[in-house]
Amino acid sequence: MRRKHEDSNGFEHWGGYMEMKKQKLQEQFVKDAALYQDEKDELFKGISVFVNGYSDPPADEIRNLMIQHGGIYHHYYRSGKTTYVIASNLPDSKIKQTQGIKFVKPSWIVDCIREKKILDYRDYLLYTNQSKTQPSIKGLFSPQKVDSTKVAKTASDERFLSEFYNNSRLHHISTMGSIFKQYVNDLRLDKDHRYPGINELKTYISSTGNLELEEPLEAISSKVIMHIDMDCFFVSVGIRNRPELKGVPIAVTHAKGNRPQPNGNVKKEIEAYQNRGYHFDKDKINEMDSMAEVASCSYEARAAGVKNGMFLGQALKLCPSLKPIPYDFDSYKEVSFDLYNTVARYTLDIEAVSCDEMYVDCTELLRTTNISPLQFAQILRDEVKRKTKCPCSVGLGANRLQARIATKKAKPDGQFHLQDDPERFFENIPVSDLPGVGYSTSYKLKSFGIRSCGDLQKLSLEKLQSEFGNKLGMTLFKNCRGIDEKELIFNQVRKSVSADVNYGIRFKNDSERDAFLKQLSEEVAQRVQAIKMKGKCITLKLMVRSKDAPEETAKYMGHGVCDNVTKSSSLSSAISDAPSINREVLKIISKLNIDAKELRGIGIQLTRLEGALENKNSVLMKFLETNKQETGDKVVPSKKKEISTSSLNKNSFQRNSVIDLSLSQVDQSFLKAMPKDIQEEIMMSLKNTKKVKNDFFKKRSSPIKRIETKEDESTKESASENSNVVEDTFNNYISLGGLKNLLEEWVSSEEVPLAKDLTLIINYLKELITKRYLQELLVILKYFHRFVRSYKKSDQWKNAFLSTLNSVQEKMVEVFKGTLAIEEEYAHF
Ligand SMILES: Nc1ccn([C@H]2C[C@H](O)[C@@H](COP(=O)(O)OP(=O)(O)OP(=O)(O)O)O2)c(=O)n1
């Protein structure tokens, strides 16, 4: 519904929605002001200000100043209540004659504070011709006064293409991210993967010696995490074969910077964002020459003030010699593979973040080679540069957060090891650099006057938790001191598949909308099928034009200011086909009752992903696959393979032989212990492969039994069928059996369990869950419990077991959204 503006002040009659927002913001202001009860003075008592548009100091700082000096800050202009409107500039065209609204420069506030008295506002009026009659803000604030936007709706409009490129760029980036996560998984599954870099490092160290370490690395107990990030990646790749462009300010963008100014109602849209408490920086407000985004800019361009994500028009203003260069996605991918392959020569303890960024746990590697962290960083960076002709920066620390923050200091083309007193180092880090501190958290923190981690360190845990909730409060408390317990994830499992479109969405009616939803469902189906998965939860994400947003957006066919509406539906069985996805999506949208004309963005997301069985329980999947093969062709796991992005299946297949025998009996106790979802899946697949399963069970016995008896006829039986399988059976037997012995030794000989050992075993079990080796997990838990009981161990041991179980269950929930049903069995000793 369009809003009405019956009177001149516009802001007073925007309905309950706006009222609620206003009220909430005002309440927040009062709450924040109360925090300064003891420190504030009364300088601005009785004065209320509203900040319009860009101002220096910015709006949020003015808000703080009003808090500290007893004034009132209005997030909205309030007719008859706002005493002064603060602004640094307003376009003349928008200004009409006013009736008494005082439009003053922000320096008035600053000067009043400096002078400790209220100065005459007339010396600070924004326009000299307004000493008696101020310019009107009506034209500025009342949407109906602004020319309606000319709408260009056809794809023949040149800007349509620019939008398309912009969106396809983000699509490319996210696809590349997935590719490299998968690539690391592939490499880790490859038994033949070699680490030639390790020997090279050993040779290097034996010839040069360890330059930094006074003590051998094995004596250093803490982890060494490395964060690697390519410098201005798209730029570096774009100019790697163009030496003439080295040292030049460069921007990667699809446009040349000479496009006409869009015809949208820019100012009004910016205001609508500001009404939501967003603070716009100068760049976003003043640039409108070209809406083409700078995807990446060189450090020479950054020195002139250009930033990634800035619009090209503004970038050119700041840096007229800026040279735009085009995208080159094929080359980005090529360089990314070189980067990942280089690191993989040394270790695969890699958590891929994106095409140009990863975390590496170097602890083991450094211990093995006795090389120092910075020596290794230097060697690695040199190698990356030699192979890719692109620079990268490296940060090192005891955890991922420290490593990432260290990279910021290292950039560009440098390295830094955050070693000494991380808490102190973090004092000067802006809170916005912390993970999970997005716009709204940092805005809230700023409203408390907190900008740096040092400021944050002064707040008690209790205070943080009361403001941000227990979880975020605790995370902030730890992170601002450089503490981060989040472990690296080496095997990353795809959690969702989605397709979102947030440009060009303009429907005249429901049937246009539904036709589009059909297309989008097909897109999602294609994407989820491409990775051989299905989803059990479907989410429709809508961007709906906000009531105060202009009908047409400043950015051509953009989404403008929107309210986000998200609705999910859980399905009884997983789906991946387009008709099912479309049917579910239509069900959801019909319940939402949103006018199709107001839609500005649509996304469909599938979560709770599972492969046919592959992802939910790859062990089981592989067992079944192997058996299918056994009934026909002989199983011959390949010994040599080439690794490529498409080699996943080959690798999974190779793994079959190890895994299938560990799951050679899908017995009742295993089934019962599994979370419900997995049970259903097992049953479903067993139904589909009943014959195979029966055949299989006749031949094999449980690996658990093998461990107990240490003598296994059935293994021999299998041996005659397929020697490769037998070899792996034996490995499996040895490793599980070995572990059992180790457990027994540990439990029986130690008076009380050492925390260090406990952590080791818990991490190992968690890794089994991540890798989906659930049967192995159950075997180990079973023996752990059995030994604590049979050796009549102390309560400390019982607690150690229970806390292990607890961690296992937490990890199960994280990975499988369900717990193992074994609590009862293990409650007694
Ligand atoms: N919203 C985004 C984010 C990233 N990228 C692209 C361009 C970058 O070159 C590349 C890597 O992103 P980074 O955030 O690492 O940025 P840069 O590598 O350009 O710069 P820096 O040296 O600061 O890491 O991904 C993009 O086009 N749009």
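Because the structure is predicted, anything quoted here is derived from the model rather than measured.

All right, on to the site of the ligand then. Around the ligand, 16 residues are found, and the nearest of them are Arg169, Cys232, Ser296, Tyr299 and Arg302. Within the backbone of Cys232, a nitrogen or oxygen atom sits 2.8 Å from an oxygen atom of the ligand. Surface burial for the ligand is 73%, taken as the share of its 550 Å² of free accessible area covered by protein chains. Elements with a minimum of two residues in the shell around the ligand: helix 5 (158–189), strand 7 (225–230), helix 7 (233–239) and helix 10 (299–303). Looking at the shell around the ligand, the element that brings in the most residues is helix 5, giving 3 residues. Along the lines of polarity and charge, the residues of the shell around the ligand split into 8 nonpolar, 2 polar and 6 charged.

Position of Ser447 relative to the elements: it lies in helix 17 (residues 439–447). A polar contact is formed between the side chain of Ser447 and the backbone oxygen of Lys444, at a distance of 2.5 Å. The residues touching Ser447, leaving out its near neighbours within four places in the chain, are Asp32, Tyr36, Arg63, Asn64 and Ile67.

Moving on to the nonpolar core. Among the nonpolar cores identified, the biggest contains 51 residues, and Met226, Ile228, Tyr332, Tyr340 and Phe376 are the most heavily contacted of them. Among the elements that line this core, the one with the most residues is helix 12 (residues 329–344), at 7 residues. Residues in contact with Tyr340, not counting those within four places in the same chain, are Phe180, Tyr183, Val184, Ile350, Ala352, Val353, Ser354, Cys355, Glu357 and Met358. Counting residues in hydrophobic clusters, the runner-up holds 36 residues, among them Leu765, Tyr773, Leu781 and Val808.

As a further point, take the environment of Asp500. On the secondary structure map, Asp500 appears in strand 15 (residues 497–501). Given the relative accessible area of 44%, Asp500 is considered partly exposed. Measuring from C-alpha to C-alpha, the distance between Asp500 and Lys541 comes to 8.2 Å, with 41 residues separating the pair along the chain. If we ignore the near neighbours within four places in the chain, the residues touching Asp500 are Lys541, Ile602 and Gly603. Engagement of the side chain of Asp500 in a polar contact is seen with the side chain of Ser498, the distance being 3.5 Å. Within the structure, the side chain of Asp500 is placed 3.2 Å from the side chain of Lys541, a separation counted as a polar contact.

On to the sheet that holds strand 14 (residues 415–417), then. Paired through their backbone hydrogen bonds, the strands of a sheet run either parallel or antiparallel. What the 5 strands build is an open sheet, ordered 11-12-7-13-14; its pairing is mixed. Edge strands, defined here as strands with exactly one partner in the open sheet, are strand 11 (350–354) and strand 14. Here the average twist between neighbouring strands, direction ignored, is 15 degrees. Of the strand pairs in this sheet, strand 11 and strand 12 (residues 357–361) are connected by 4 bridges, and their pairing is antiparallel. For Ala352, the partnering residue across the bridge sits in strand 12 and is Met358. Where helix 12 meets the sheet, it contacts strand 7, strand 11 and strand 12, and its direction lies at approximately 165 degrees from that of strand 11. The strands that helix 14 (residues 373–388) touches are strand 7, strand 13 (392–397) and strand 14; relative to strand 13, the one it contacts most, it runs at about 160 degrees.

Of all 6 residues in strand 7, 6 are buried; the element is thus mostly enclosed. Burial of the side chains of strand 7 extends over both faces: Ile225, His227 and Asp229 are buried on one face and Met226, Ile228 and Met230 on the other. Strand direction decides the pairing type here: strand 7 and strand 12, joined by 5 bridges, are antiparallel. Of the residues in strand 12, the one forming a bridge with Asp229 is Glu357. The sheet contact formed by strand 7 and strand 13 spans 6 bridges and is antiparallel. Bridged to Ile225 within strand 13 is Gly397.

For the rest of this paragraph, the subject is helix 31 (residues 755–771). Helix length check: helix 31 (17 residues) gives 24 Å between terminal C-alpha atoms against 24 Å at 1.5 Å per residue, within 8%. Turning to helix 31, its buried residues number three or more, namely Leu758, Ile761, Ile762, Leu765, Leu768, Ile769 and Thr770. With its phi angle positive at about 70 degrees, Arg772 sits one or two positions after the end of helix 31.

Basis of the calculations
- Residues numbered from 1 in each chain as written.
- Predicted model: local features only at pLDDT ≥ 70, side-chain atom pairs only at ≥ 80, totals over all residues.
- Heavy atoms only, no water.
- Near = heavy atom within 4 Å.
- Polar contact = N/O pair within 3.5 Å; in protein donor to acceptor, adjacent residues only side chain to side chain.
- Areas by Shrake-Rupley, 256 points an atom, 1.4 Å probe, with all protein chains shown as cover.
- Helix = DSSP H or I, 4+ residues; strand = E, 2+ residues; numbered from the N terminus.
- Nonpolar A, V, L, I, M, F, W, Y, C, P; charged D, E, K, R; others polar.
- Contact = heavy atoms within 4.5 Å.
- Core = buried A, V, L, I, M, F, W, Y, C linked by side-chain atoms within 4.5 Å.
- Buried < 20%, exposed > 50% of the residue type's maximum accessible area, 1.4 Å probe, protein only.
- Pairing = 2+ DSSP bridges.
- Axes fitted to C-alpha atoms, helices over the stretch in contact; angles between N-to-C directions.
- Expected span 1.5 Å × (residues − 1).

Scope: geometric values only; no functional claims are made or implied.
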